[in-house]
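A closer look at the structure
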Amino acid sequence: MRRAYTVVRGEEMSGRVRMAENCAQLLARIEGRRSLKDMDQHIFPVNGGPAQGDVIEFHGVEGSGKTEMLYHLLSRCILPTHCGGLEVEAFFVDTDYHFDMLRLVSILEARLTSSPLESEMEEVVRSSLRRLSVLHCSSSVQLLLTLHYLEGILCSRPALCLLVIDSISSFYWIDRANGGDSLVRQEANLRKCTEILDRLRRDYGVVVFATTHAVMRNYSSSSTASGPAEPSRSTPSWKCSSDFDKQYLCRAWQKLLTHRLLFSKSDHSSVSEDHKQLFSVASNTVRTKGVHRCVFYVTEAGVQFSE
Amino acid sequence: MVLLREGLCPGLSEDLVKALREEDVRTVEDLVLSDPEQLAQKCSVSYKALVAVRRVLLAQHAAFPVSGADLYDELLSSTSILSTGIASMDNLLDSGLYTGEITELCGGPGTGKTQTCFSVAVNVAHELKQKVMYIDTNGGLSAARLLQMLQQKTVNTAEQMNALQRISVLRVFDVFALLSCLQSLRASGLQKGDVGGSVKAVIVDSVSAVLSHMLGGKQNEGMSLMMQVATELKVIAKDFNVAVLVTNHVTRDGNNQVKAGLGQSWSHVPRTRILLQRVERPGASSNLRTAALLKSSRQPCYMMEEFDLSPQSQGESWPGFAGKRKLDTDS
């Protein structure tokens, strides 16, 4: 039935009725995309999980576990329901060119250990991977065009619930230098991307995860004020890199966010004998007060939360 | 930025391009961002044609979504792991350099960065019979040393010469030359030279030599150039499925801890990062180095291995070798 409606869309849609939505959009809206609210109770506080149309920023320095956490959440989304997943489709826009498919597969396989048969496991992994689409973008203009292109795809795929952008800040320096002296021009591309993302989340209820590299030092933060020579052991492990938490992307992007996850890694010196490095994530949401923190470490099987 | 011109896609006629230009719609980006309904009215062109053109242009210029299952199949068939020729280094890297990724070696002067690059080049050219693109930015490449390494592997002169032929050397000494070199490599699809085998490894020794002096101060150009180099390297690694190996210098942070150079923005670029250091143990051979894994998505970080820079030459000494390594200074 859905197919019949979508065929009509191409010919019938005319410009006369301004706010009219086409049938595919209508269907996607009425059927509703699956909620991702109970995606992960460790990172997101109670009742603070990603609702439809939420935009969540993953912010952290290099090697603080952002991408690893994305794999963790992504595998939860694309696994079938009988294997503890949510069975939804996801798009992964890779602007950093470091999406590691082999890593994702090993995480998926580790989650399927209960499955008795090897062949059965492989089939589940393949069917899960079919729910994921990967796109590589090498410039901010291409990212912008890709997001517009996704709009067309979104309305015909109601199962598509999650859009991951890793990372939204990768063209920051190139855009800045291309914009000359005017701040408006420097931020133009990201602002346009933000506008289309806003439309995607509002009209289609898709959840957006985007990572940003922490590259700007926050000189006003208290940790730098106390002097860089201060021994790092006296500060709690999650605060080690807090001087890199400055938000430097354009204001439009900051306004779009509903959640902000701050990632940090424990200091080199505090790594235990068994090479278990601890990472921590502090999550802020617009809906709940206070900061929710949790600590995790990374194993062969992906992210493990320590209680 | 792609300008709209006739023949860019079916349906984009000269008249349509002209009509759009009058409304200041000049690039693909402008057309995609504009509201097709308003634009059709203003330019008095067919709405249907405009929507069709917009759709085709989007499909042409946006990134193409690849199903995860297809990507996995492709990866399984095309990924190869290139041994570095140094056993303990392979150990750290989970058996070698992976194609499609950027691996970085960082370390102070004389810690064996260039020697490791030579070892990778020789190993890929000789053992795997594949081509290597060696981009030398600091004049550290020594053909004599490459030959010396090859002589340890084989006594057959013809084989040695064949292996040397598979190593193409490009000498660039500033960031602009490096960028245009990478762009032309990308445009030509890495097709260079006429010896058999495809390019499997691109080595840049060193990126910091051309980049570090561009950074600093309040200006953005240096950062922009650095990220452009990074993007080119990443695209080359991914699109042509080659292993990219770069070298970087080191600095010290506030706590006097050694850290890799080029700052935070660059730190996101390499997928794997190895720190090379001298062994400061009394009685240790001057050729002994430690390699520590600073970043990896496969192995636990801070793993450490020791290796000898001249593994095949136990007991022998290389009078010219230590002097040559002195040339390998950064920036």
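Residues numbered from 1 in each chain as written. Chains lettered and ligands numbered in written order. Predicted model: local features only at pLDDT ≥ 70, side-chain atom pairs only at ≥ 80, totals over all residues. Heavy atoms only, no water.

1. Quick word on the overall build of chain A
Selection criterion: Secondary structure follows DSSP: runs of H or I at least 4 residues long count as helices, runs of E at least 2 residues long count as strands, and numbering of each begins at the N terminus. Exposure categories follow from relative accessible area, calculated using a 1.4 Å probe and restricted to protein chains: below 20% of the type maximum is buried, above 50% is exposed, and the middle band is partly exposed.
A count of helical and extended segments in chain A gives eleven helices and nine strands. The 307 residues of chain A split such that 55% are buried.

2. Observations concerning the sheet that holds strand β7 (residues 199-205) of chain B
Strand-to-strand pairing in sheets goes through backbone hydrogen bonds, with the strands running parallel or antiparallel. All names here are of chain B. Counted only if it meets this: Two strands are counted as paired when DSSP detects at least two bridges linking them. To obtain an axis, a line is fitted to C-alpha atoms, over the contacting stretch when the element is a helix, and the angle between two such axes runs from 0 to 180 degrees between their N-to-C directions. In what follows, a contact means two residues having at least one pair of non-hydrogen atoms within 4.5 Å.
Spatially, eight strands are ordered β6-β5-β7-β8-β4-β11-β12-β13 in an open sheet, and the strand pairing comes out mixed. Whereas interior strands pair on both sides, the edge strands pair on one side only; in this sheet they are β6 (167-171) and β13 (304-308). With direction set aside, neighbouring strand axes in the sheet form an average angle of 20 degrees. Bridge count for strand β11 (residues 272-278) against strand β12 (residues 288-295) is six bridges, and the pairing is antiparallel. By the bridge assignment for β12, R273 is matched with K295. Helix α9 (residues 157-166) contacts β5 (131-136) and β6 of the sheet and is inclined by roughly 40 degrees relative to β6.

3. Describing the domain arrangement of chain B
Many analyses report the size of an interface as the accessible area lost when the parts associate. Cut-off, in case you're wondering: Throughout, the edges of the domains are those of an automatic or database domain assignment.
Per the domain assignment, the segments making up chain B are domain 1 (14-61) and domain 2 (74-308). Averaged C-alpha coordinates put domain 1 of chain B and domain 2 of chain B at centres separated by 46 Å.

4. Some details on the environment of B:K200
Mapping B:K200 onto the fold places it in strand β7. Note: C-alpha distance between B:K200 and B:V242 (42 residues apart in sequence) is 4.7 Å.

5. Considering the environment of A:R185
Residues and elements named next belong to chain A. Tracing the backbone through its elements, the reader meets R185 in helix α8 (residues 183-186). By relative accessible area, R185 is classed as exposed at 56%. Considered as a pair, R185 and R131 are 54 residues apart in the sequence and their alpha carbons are 37 Å apart.

6. Considerations on the confidence of the model for chain A
Which entries qualify depends on this criterion: Here pLDDT means the predictor's own confidence in every residue, given as a number from 0 to 100.
Mean pLDDT over chain A stands at 78; residues scoring 70 or higher make up 77%. Below pLDDT 50 for its whole length, residues 221-241 of chain A participates in 23 contacts with residues either more than four positions away or in separate chains.

7. A few points about the packing of aromatic side chains
All names here are of chain A. Cut-off, in case you're wondering: Pairing of aromatic rings covers Phe, Tyr and the six-membered ring of Trp, with a centre-to-centre limit of 6.5 Å; geometry is then stacked below 30 degrees between planes, edge-to-face above 60, and tilted otherwise.
Overall, the coordinates contain ten aromatic pairs over all chains when judged by the stated rule. Ring geometry for F279 against F296: centres 5.4 Å apart, planes inclined by 20 degrees, an arrangement best described as stacked. With F279 in strand β7 (residues 278-285) and F296 in strand β8 (residues 292-299), the pair connects residues that are 17 residues apart, well separated along the chain. Note on accessibility: F279 and F296 belong to one class, buried. Three or more aromatic residues joined by ring pairs form one cluster here, namely F58, F209, F263, F279, F296 and F305.

8. Quick look at helix α6 (residues 140-154) of chain A
Applicable threshold: Expected span of a helix: the number of residues minus one, times 1.5 Å.
Helix length check: α6(A) (15 residues) gives 21 Å between terminal C-alpha atoms against 21 Å at 1.5 Å per residue, within 8%. Of all 15 residues making up α6(A), 14 are buried, and the element is well covered by its neighbours.

9. Some thoughts on the pattern of salt bridges
So the rule is basically this: In what follows, salt bridge is the name for a side-chain nitrogen of Lys or Arg lying within 4 Å of a carboxyl oxygen of Asp or Glu.
All told, the structure shown has 19 salt bridges over all chains when counted by the stated rule. The salt bridge partner of B:E29 is A:K192, with a shortest N-O separation of 3.0 Å. You can see B:E29 sitting in helix α2 (residues 28-33) and its partner A:K192 sitting in helix α9 (residues 188-204), one on each of two chains. Under the relative-accessibility criterion, B:E29 is labelled buried at 10%. Residue A:K192 is classed as partly exposed on the basis of its relative accessible area of 26%. With its nearest N and O atoms 2.9 Å apart, the salt bridge here joins B:E232 to B:R186. Highlighted residues: B:E232 in helix α12 (residues 221-239) and B:R186 in helix α10 (residues 175-187), separated in sequence by 46 residues.

10. Quick word on the interface of chain A and chain B
Here is the rule: Summed over both partners, the accessible surface that disappears when two parts come together, traced with a 1.4 Å probe, is what is meant by buried area. Think of a polar contact as two N or O atoms within 3.5 Å of one another; within protein, one of them needs to be a possible hydrogen donor and the other a possible acceptor, and neighboring residues in sequence only count if both atoms come from side chains. Three residue categories are used. Nonpolar comprises Ala, Val, Leu, Ile, Met, Phe, Trp, Tyr, Cys and Pro, charged comprises Asp, Glu, Lys and Arg, and polar comprises the others, including Gly.
Contacts between the two partners involve 54 residues from chain A and, on the opposite side, 49 residues from chain B. Of the roughly 4900 Å² buried where chain A meets chain B, counting both sides, 60% is carbon and sulfur surface. Summed over the shared surface of chain A and chain B, the result is three salt bridges. Counting across the interface, chain A meets chain B through ten residue pairs in polar contact (both at pLDDT 80 or more). When residues of the side of chain A that touches chain B are traced back to their parent elements, those giving at least two are α4 (101-111), α5 (118-130), β3 (132-136), α6, α7 (172-178) and α9 of chain A. No other element matches the eight residues that α6(A) contributes to the side of chain A that touches chain B. Tallied by class, the residues present in the side of chain A that touches chain B amount to 27 nonpolar, 15 polar and twelve charged.

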